Amino acid sequence: PSFRLLFLQLDIPKPDLTVKATGKQWYWSYAYPDNGKFEFDSLMAQDKQPRLLGVDNEMVVPVNKVIRVQTTGADVIHAFTVPAFGIKIDAIPGRLNETWFKATKTGMFYGQCSELCGKDHAFMPIAVRVVSDQEFASWVETAKKKFATNPANSYASAGQAAQ
Ligand SMILES: [Cu+2]
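Procedures and definitions
Residues numbered from 1 in each chain as written. Predicted model: local features only at pLDDT ≥ 70, side-chain atom pairs only at ≥ 80, totals over all residues. Heavy atoms only, no water. Helix = DSSP H or I, 4+ residues; strand = E, 2+ residues; numbered from the N terminus. Rg over C-alpha atoms; globule rule 2.2 N^0.38 Å. Buried < 20%, exposed > 50% of the residue type's maximum accessible area, 1.4 Å probe, protein only. Contact = heavy atoms within 4.5 Å. Areas by Shrake-Rupley, 256 points an atom, 1.4 Å probe, with all protein chains shown as cover. Lys, Arg positive; Asp, Glu negative; His and termini not counted. Charge placed at Lys NZ, Arg CZ, Asp CG, Glu CD. Core = buried A, V, L, I, M, F, W, Y, C linked by side-chain atoms within 4.5 Å. Donors = N, O, S within 2.8 Å, 3.2 Å for Na, K, Ca; no water. Tetrahedral: all angles 85-135°; square planar, octahedral: opposite > 155°, others 65-115°. Phe/Tyr/Trp six-rings, centres within 6.5 Å; stacked < 30°, edge-to-face > 60°. Pairing = 2+ DSSP bridges. Axes fitted to C-alpha atoms, helices over the stretch in contact; angles between N-to-C directions. pLDDT = per-residue confidence, 0-100.

J.: I'd like a description of the overall build of the chain, backed by residues and values.
T.: Counting its regular elements, the chain contains three helices and ten strands. Along the chain, helices and strands appear, N-terminal first, in the series α-β-β-β-β-β-β-β-β-β-β-α-α. Taking 2.2 N^0.38 as the reference for a compact globule, 163 residues should give roughly 15 Å; the C-alpha atoms of the chain span a radius of gyration of 15 Å, in line with that estimate. Seen along its three principal axes, the alpha-carbon backbone of the chain occupies a region of about 50 × 40 × 30 Å. Counting all 163 residues of the chain, 42% fall into the buried class. Considering only residue pairs separated by 6 or more positions, the chain has 63% of its internal contacts joining residues 24 or more positions apart. Working note: accessible area of the chain is about 8900 Å², and carbon and sulfur atoms make up 54% of it. Where the 18 positive side-chain charges of the chain centre and where its 16 negative ones centre are 3 Å apart.

J.: Which residues make up the nonpolar core, and what values do they have?
T.: Judged by nonpolar contacts, the single largest core of 35 residues is most densely connected at Y30, Y32, M59, F80 and F101. Sorting elements by how many residues they give to this core places helix α2 (residues 133-149) first, with five residues.

J.: Before we move on, could you go through the coordination of the copper ion and cite the residues and values that matter?
T.: Protein-derived ligands of the copper ion are H78 (ND1), C113 (SG), C117 (SG) and M124 (SD), with the metal-ligand distances lying across 2.0 to 2.6 Å. Each of the four donor atoms around the copper ion contributes to a set of angles spanning 94 to 124°, which defines the coordination as tetrahedral. Donor residues for the copper ion sit on one chain with the sequence pattern H-x34-C-x3-C-x6-M. Judged by relative accessible area, which is 5%, C117 ranks as buried.

J.: Break down the packing of aromatic side chains for me, citing the residues and quoting the values.
T.: This structure, assessed with the given rule, holds 13 aromatic pairs. Their ring planes at 15° and their centres at 5.0 Å tell us that Y32 and F38 sit as a pair that is stacked. Summarising the aromatic geometry, the rings of Y32 and F40 are spaced 6.1 Å apart at their centres and angled 20° between planes, so their arrangement reads as stacked. Assigned by exposure class, Y32 and F40 land together as buried.

J.: Any details on the sheet that holds strand β9 (residues 107-111)? Residues and values, ideally.
T.: Taking strand neighbours across the sheet as the criterion, the three strands line up as β4-β10-β9 in an open arrangement whose pairing is mixed. Both edges of this open sheet fall to β4 (59-62) and β9, since each of them pairs with a single strand only. Across the sheet, the mean angle separating the axes of adjacent strands is 25° when strand polarity is ignored. In terms of strand pairing, β9 meets strand β10 (residues 126-131) through five bridges, oriented antiparallel. Each bridged residue has a counterpart across the sheet, and for G111 the counterpart in β10 is I126.

J.: If you had to explain the confidence of the model for the chain to someone new, which residues and values would you point to?
T.: Note that predicted coordinates carrying low pLDDT should not be read in detail. For the chain, the mean per-residue pLDDT works out to 91, and 91% of the residues sit at or above 70. Predicted confidence for residues 156-163 stays below pLDDT 50, and this span has eight contacts to residues more than four positions away or in other chains.

J.: Give me the lowdown on unusual backbone geometry, citing residues and values where you can.
T.: Cis rather than trans, the peptide bond between Q25 and W26 has omega equal to 5°. By the element assignment, W26 lies in the loop between β1 (17-24) and β2 (27-32). Residue Q49 is joined to P50 through a cis peptide bond whose omega torsion reads -10°. Locating P50 in the fold gives a position in the loop between β3 (38-42) and β4. At L52, a position not held by glycine, the phi torsion is positive, near 70°. Position of L52 among the secondary structure elements: in the loop between β3 and β4. Positive phi outside glycine occurs at N64, with the angle close to 60°. Considering the arrangement of structural elements, one finds N64 in the loop between β4 and β5 (67-73).

Laid out in structure tokens, this is it:
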């Protein structure tokens, strides 16, 4: 029975949306190639709940859609995991891995880096906000402007803000 499950899990259905998650020491960057190719960093936020899981910029996706997640690493190996979606896949420098999920309700879903990657391994959470189609469309419009024109969208400045 496990072979059948693995087959279904690894066979990626036609995606409605692709998000590329790049693991870095020690945060994630999310790129939206289908929505104007903006990209932003997602850093752990000290002032947000839940502790160790809240971030400044969440990965936002629409509900009831097949989301393809492509993962890679920029420096060392990390791993992208969201237990609520049943996904866990390595983020390896020089390699583009793929997995997928389809969230059936809106809300916040959290995960953590799952490959020991250095000093702040425990502090590079994954926060996914699942929203309606309408909310997603308006978020994309805001994100396009915010992350395309804002020079603060870099590790140097974002890192200072997070401290
Ligand atoms: Cu990591």
